[in-house]
Amino acid sequence: MRYEDGSPYAYTPGIGVPQGVQAINVGWLERQEEFPRGEAPTEFVHALAVLCRDNSSNRMRGWQSCTLPHPEGMPPYPVVANVDGTEVALGSAEIRLLARDGRWLIAPNLVLHYVTAHGYLPPGEFIEAVTARRAIPEPPSGMPRF
């Protein structure tokens, strides 16, 4: 899936996003697309990894693989990250964060791989929200998902 950073969230509209909430895409990358690159702050990368481990939401049944080029060949399927000694499979869920202005910033949890393996540098407001750990919790099971 490829959605431009800052575009209206469109992956699963109406699922888990309350009516009236402005939700935007961050980190939905595809091969052969240009994207911002740079060195991400260490504190951000660690906070992102912890959020992917502890706060993934909107889980799907299948796995999205990384379609970006890998010099060493294809990455494992699913992509797995080691987060403080715990293996976390990426590519089947999202992380949702609250921006300072109240918008929701929604990224695939595969964004961790994009940052660490491909040098993707997300928008500053996403880095700030991740570092501040403003995750939006998933509703408890049995609760309506809006």
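The following paragraphs examine the structure supplied in this document. Small disclaimer: the values here were computed from a predicted structure and weren't measured.

1. Focus on the pairing of strand β5 (residues 104-108)
- Of all the five residues making up β5, five are buried; the element is thus mostly covered by neighbouring parts of the structure.
- Of the two faces of β5, the one carrying Trp104, Ile106 and Pro108 and the one carrying Leu105 and Ala107 are both buried.
- Pairing of strand β1 (residues 23-25) with β5 involves three bridges; the strand directions are parallel. Directly across from alanine 23, in β5, lies its bridge partner tryptophan 104.
- Here strand β4 (residues 94-98) runs beside β5; their pairing, made up of five bridges, is antiparallel. Along β5, the bridge assignment pairs arginine 96 with isoleucine 106.
- Between β4 and β5, which pair antiparallel and follow one another directly, the connecting turn spans five residues, one of which, glycine 102, has a positive phi of 95°.

2. Remarks on the packing of aromatic side chains
- One pass over the full model with this rule turns up four aromatic pairs.
- For the pair tyrosine 3 and tryptophan 28, a centre-to-centre distance of 5.6 Å together with 80° between the ring planes defines the contact as edge-to-face. Here tyrosine 3, found in the segment before β1, pairs with tryptophan 28, found in the loop between β1 and α1 (42-54); they are 25 residues apart in sequence, far enough to count as distant. Tryptophan 28 shares its class with tyrosine 3; the two are buried.
- The interplanar angle of 75° and the centroid separation of 6.3 Å between the aromatic rings of phenylalanine 44 and phenylalanine 126 together place this pair among those described as edge-to-face. Remark: phenylalanine 126 occurs in helix α3 (residues 124-131) and phenylalanine 44 occurs in helix α1; sequence separation between them is 82 residues.
- Relative accessible area serves as the criterion here: at 0%, phenylalanine 44 is assigned to the buried category.
- An aromatic cluster of three or more residues is present, and its members are Tyr3, Tyr11 and Trp28.

Parameters at a glance
Residues numbered from 1 in each chain as written. Predicted model: local features only at pLDDT ≥ 70, side-chain atom pairs only at ≥ 80, totals over all residues. Heavy atoms only, no water. Buried < 20%, exposed > 50% of the residue type's maximum accessible area, 1.4 Å probe, protein only. Helix = DSSP H or I, 4+ residues; strand = E, 2+ residues; numbered from the N terminus. Pairing = 2+ DSSP bridges. Phe/Tyr/Trp six-rings, centres within 6.5 Å; stacked < 30°, edge-to-face > 60°.

What is shown is where atoms sit, not what they do.
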